[in-house]
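What the coordinates show
Now for the letters of each chain:
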Amino acid sequence: MHARTTGIVFTFAIVLALGSGCNPDKNKLYFKPQQGAKRVVDMEVAMNTSITNVGTTMSFGNSTAYTFDLTVKQIDDSGTATFDAVIRSLSAEMTTPFSGRMPQIPGMPGTDDPFGMKAMQSALKTAEGQSFTVKVNKLGQVTEISGADAIAEKAAADYKMPEIAKLPMTAEDIFVATIGDQSMKNLMQAVFAARPDKKLNIGDTWQEKLSLGNAASEVNWDATYTLKERSSGTVSVENVGQVSLNPAGNFLKKFGDMPELKTEMSGQGTGTMRFDEASGWLVESTITANVPGNMSMTVPQMGSVSIPMDTSYKATVKSYPS
């Protein structure tokens, strides 16, 4: 009799829980797109650096803007989604203290494209309309990118590097580092936004570490995220963290005959994010940071030289149904 009563109570408890809408995944911010869903994503990254030496300040800047068309091709039993990502548009800009043509250097041709930026802009157009594959799990973690290296190689084949801008690396090195598989994985991680596998209530926090740049411009983000609000089907999150930059990335390693050169830059950053709660899509996000630091080098007959630097960084993502 006791066993029968216990069984009835247990069964009643299950029915009551299910009937009351009990959901073990409630308040978990899982990424759960629909098969065939289409999304347009706009992303822009800008970095501006000021260098002060012997009382003179010079400013350099670069910005890159992307638009992607994303389509869910498959969702497996674990919830991992496979996307076809088409590069609708891709543009890059650079600002320097020099305007117009560079001063004539003996033995070198004059040019209005001393850093090869116009040539790079032209080559990047080759990437437009090309596609690569992205895999993302239910925690918004990008697990795999394929096909972007091939896009980078096509762009490299179209790149006509100016003679004055000749660098100790191939065009393929440059483009694979900037738009290849690893670079696109970093970008897509900012688009899909990792989140924890736990219920999140107002005020709950979690930690994330991200690599947001590429081999040409490394950006590392170590932040604390706080869920601030649930309203009208959206979830708002704020984050505060440490940003470290290496504006020249691993490219400095290619300059074997240069004096020992390195940059050390670290500072505070803040950000905001807004998610669609039903699907888990990131709707928009912004990260801003002001990062002080210095560039140091060892020069023969001079010893160690340290030059102060200050960098502002901003990255924005916006997505919407196609």
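The coordinates are above.
One structure accompanies this document, and this report is about it. None of these values were measured; they are calculated from a predicted model.

Rules behind the numbers
Residues numbered from 1 in each chain as written. Predicted model: local features only at pLDDT ≥ 70, side-chain atom pairs only at ≥ 80, totals over all residues. Heavy atoms only, no water. Helix = DSSP H or I, 4+ residues; strand = E, 2+ residues; numbered from the N terminus. Buried < 20%, exposed > 50% of the residue type's maximum accessible area, 1.4 Å probe, protein only. Contact = heavy atoms within 4.5 Å. Areas by Shrake-Rupley, 256 points an atom, 1.4 Å probe, with all protein chains shown as cover. Salt bridge = Lys/Arg side-chain N within 4 Å of Asp/Glu carboxyl O. Axes fitted to C-alpha atoms, helices over the stretch in contact; angles between N-to-C directions. Left-handed = near helix turned anticlockwise from the far one by under 90°. Nonpolar A, V, L, I, M, F, W, Y, C, P; charged D, E, K, R; others polar. Expected span 1.5 Å × (residues − 1). Pairing = 2+ DSSP bridges. Polar contact = N/O pair within 3.5 Å; in protein donor to acceptor, adjacent residues only side chain to side chain. Core = buried A, V, L, I, M, F, W, Y, C linked by side-chain atoms within 4.5 Å. Parallel < 35°, antiparallel > 145°, perpendicular 65-115°, else oblique.

Helices and strands together make up the secondary structure of the protein, namely 5 helices and 11 strands. Counting every position in the protein, which comprises 322 residues, the buried fraction comes to 42%. Summarising the internal contacts of the protein: among those between residues at least 6 apart in sequence, 65% fall at separations of at least 24. Accessible surface, the protein as shown: approximately 16,700 Å² in total, 54% of it carbon and sulfur.

Further remarks concern the pattern of salt bridges. Applying the stated criterion to the full structure yields 6 salt bridges. Between Asp 69 and Arg 88 there is a salt bridge, with its nearest N and O atoms 2.8 Å apart. Taken together, the positions of Asp 69 in strand S2 (residues 56-75) and Arg 88 in strand S3 (residues 81-95) put the pair 19 residues apart, joining distant regions of the chain. On the basis of relative accessibility, which here comes to 23%, the residue Asp 69 falls in the partly exposed class. Between Arg 230 and Glu 277 there is a salt bridge; the shortest N-O distance is 2.6 Å. In this pair, Arg 230 is assigned in strand S7 (residues 218-231) and Glu 277 in the loop between strand S9 (261-276) and strand S10 (282-299), connecting sequence segments 47 residues apart. Residue classification places Glu 277 among the partly exposed positions, given a relative accessible area of 23%.

The contact between helix H2 (residues 117-124) and helix H4 (residues 171-179) brings their axes to 13 Å, and the two run at 65°. In the packing of H2 onto H4, the handedness of the crossing is right-handed. Residues Met 120, Ala 123 and Leu 124 of H2 form the contact with H4, whose participating residues are Ile 174, Phe 175 and Ile 179. The class makeup of the residues in the contact of H2 with H4 is 6 nonpolar, no polar and no charged.

For the α-helix, the turn length of 3.6 residues means that residues three or four positions removed from each other point alike. Taking 1.5 Å per residue, 12 residues should reach 16 Å; helix H5 (residues 181-192) reaches 16 Å between its end C-alpha atoms and fits that length. Within the span of H5, buried status applies to Asp 181, Ser 183, Met 184, Asn 186, Leu 187, Met 188, Gln 189, Ala 190, Val 191 and Phe 192. Ala 193 lies just past H5 and shows a positive phi near 60°.

Time to look at the pairing of strand S6 (residues 205-211). Every other side chain in a regular strand lies on the same face of the sheet, so the side chains alternate between the two faces. Because side chains alternate across S6, one face comprises the buried residues Trp 206, Glu 208 and Leu 210, and the other comprises Thr 205, Gln 207, Lys 209 and Ser 211, none of which is buried. Looking at chain direction, S6 and S7 are connected through 7 bridges and run antiparallel. Within S7, the residue paired with Leu 210 across the bridge is Trp 221.

The residue Tyr 225 is located in strand S7 in this model. Side-chain polar atoms of Tyr 225 contact the side chain of Trp 221, separated by 3.1 Å.

Attention shifts here to the nonpolar core. Ranked by size, the top nonpolar core spans 74 residues in total, and within it Phe 83, Phe 132, Val 134, Phe 175 and Phe 192 carry the most contacts. Each residue touching Phe 83, except ones within four places of it in the same chain, is listed here: Phe 31, Pro 33, Leu 70, Thr 71, Val 72, Lys 73, Phe 132, Thr 133, Val 134, Val 136, Phe 192 and Trp 281.

It is worth spelling out the sheet that holds S10 at this point. With antiparallel pairing, 11 strands are arranged side by side in an open sheet as S5-S4-S3-S2-S1-S11-S10-S9-S8-S7-S6. At either end of the open sheet lies a strand with only one pairing partner, and these are strand S5 (142-146) and S6. Direction aside, the axes of adjacent strands within the sheet are offset by 20° on average. Each of S3, strand S4 (131-136) and S5 touches helix H3 (residues 148-157); the most contacted strand, S4, lies at about 155° to it. Relative to S5, H5 is tilted by about 140°, and along the sheet it contacts strand S1 (38-53), S2, S3, S4, S5, S6, S10 and strand S11 (303-321).

Attention now moves to the packing of H3 against H4. The interhelical angle for the contact between H3 and H4, taken along N-to-C directions, is 140°, at an axis separation of 8 Å. On the basis of their axis angle, the class for H3 and H4 is oblique. At the point where H3 passes H4, the crossing takes the right-handed sense. Contacts from Ala 148, Asp 149, Ala 152, Glu 153, Ala 155 and Ala 156 in H3 reach Ala 171, Glu 172, Phe 175, Val 176 and Ile 179 in H4. When the residues that make up the contact of H3 with H4 are grouped by side-chain class, the tally is 8 nonpolar, no polar and 3 charged.

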